[in-house]
Every structure is written in structure tokens, then in C-alpha cells.
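Spelled out, the chains give:
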Amino acid sequence: MKAILTTIGKDQVGIIAGVSQFLAAKSINILDVSQTIMDGYFTMMMMVEIKDEELDFSVLTAGLNDLGQKLGVEIKIRRAEIYQAMHQL
């Protein structure tokens, strides 16, 4: 399954490393990434691939929420299917 992960918050050291390490520990592959800093705020969007079909998406979301709190950013993940459906309407 593909998913879109977004990260937004005040720029600081370790955001990319923290998110990347979290994903690697879950065997989630980063397919594409775009990131920038706008007026001191870090923004990143990733397309990721989740191959573990037994991975509970709600548990993954909760883990990313916890990570976001530790890093001082907001991390959201959504299934790519949601975006595809929005464009078909």
C-alpha cells in the first residue's frame, strides 16, 4: 500500500532523521520526498510504501503522532487511495 506522509513544524535539527529512522524500523520504504523550509517552518511530504500487510494503520498513525510530539512537529499519514478518490470526483 502507498501512503502520503506530511510533516510540518518549526525547523530544528533531527526531524528528517527521526522520521526516516521510524519508517526504517517499520520496514516502510520512502519512494519520494519533498521538503522545504518556509519562514522558519519545516515542511516535508513523502510518498511511502508499506509492504507489511499485517501492519495496523491505526497503530502506525498513533506511533507517528507520538514521534511528532517528541520532535515538536505534526506528522500525518493517509492512504494514497484517499487522494486518488478525491481526484476522481
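The coordinates are above.
Report on the accompanying structure. (Residues numbered from 1 in each chain as written. Predicted model: local features only at pLDDT ≥ 70, side-chain atom pairs only at ≥ 80, totals over all residues. Heavy atoms only, no water.)

## Points about the overall build of the chain
Piece 1. What the chain contains, in helices and strands, is three helices and four strands.
Piece 2. Put simply, the chain runs from its N terminus to its C terminus through helices and strands in the order β-α-β-β-α-β-α.
Piece 3. At 13 Å, the chain has a C-alpha radius of gyration in line with the 12 Å of a compact globule built from 89 residues.
Piece 4. Based on the C-alpha atoms only, the size of the chain along its principal axes is roughly 35 × 30 × 20 Å.
Piece 5. Put simply, the chain has 89 residues, and 33% of those count as buried. (Helix = DSSP H or I, 4+ residues; strand = E, 2+ residues; numbered from the N terminus. Rg over C-alpha atoms; globule rule 2.2 N^0.38 Å. Buried < 20%, exposed > 50% of the residue type's maximum accessible area, 1.4 Å probe, protein only.)

## Points about the sheet that holds strand β1 (residues 2–10)
Piece 1. What the four strands build is an open sheet, ordered β2-β3-β1-β4; its pairing is antiparallel. The open sheet terminates on both sides in strands that have one partner only, identified here as β2 (28–38) and β4 (73–79). Within the sheet, the average angular offset between the axes of one strand and its neighbour, ignoring direction, is 15°.
Piece 2. Relative to β4, β1 runs antiparallel, the two sharing seven bridges. Residue pairing in the sheet places Thr7 in a bridge with Ile75 of β4. (Pairing = 2+ DSSP bridges. Axes fitted to C-alpha atoms, helices over the stretch in contact; angles between N-to-C directions.)

## Remarks on the environment of Ser58
Piece 1. Structurally, Ser58 can be placed in helix α2 (residues 57–71).
Piece 2. Residues Ser58 and Ser34, 24 residues apart in the sequence, show an inter-C-alpha distance of 24 Å.
Piece 3. At a separation of 2.6 Å, a polar atom in the side chain of Ser58 contacts the side chain of Asp56. (Polar contact = N/O pair within 3.5 Å; in protein donor to acceptor, adjacent residues only side chain to side chain.)

## As for helix α1 (residues 15–25)
Residue pairs spaced three or four apart in an α-helix point in one direction, given the helix's 3.6 residues per turn.
Piece 1. Buried within α1 are the following residues: Ile15, Gly18, Val19, Phe22 and Leu23. Down the axis of α1, the buried side of the element spans an arc of 125°, and every buried residue falls inside it. Counted as exposed and oriented over 90 degrees from the buried face of α1: Gln21, Ala24 and Ala25.
Piece 2. In this structure, the buried side of α1 is in contact with β1, β2, β3 (41–50), α2 and β4.
Piece 3. Downstream of α1 by one or two residues, Ser27 has phi in the positive range, about 60°. (Arc of directions from axis to C-beta. Contact = heavy atoms within 4.5 Å.)

Purely geometric stuff here, so don't read any function into it on its own.
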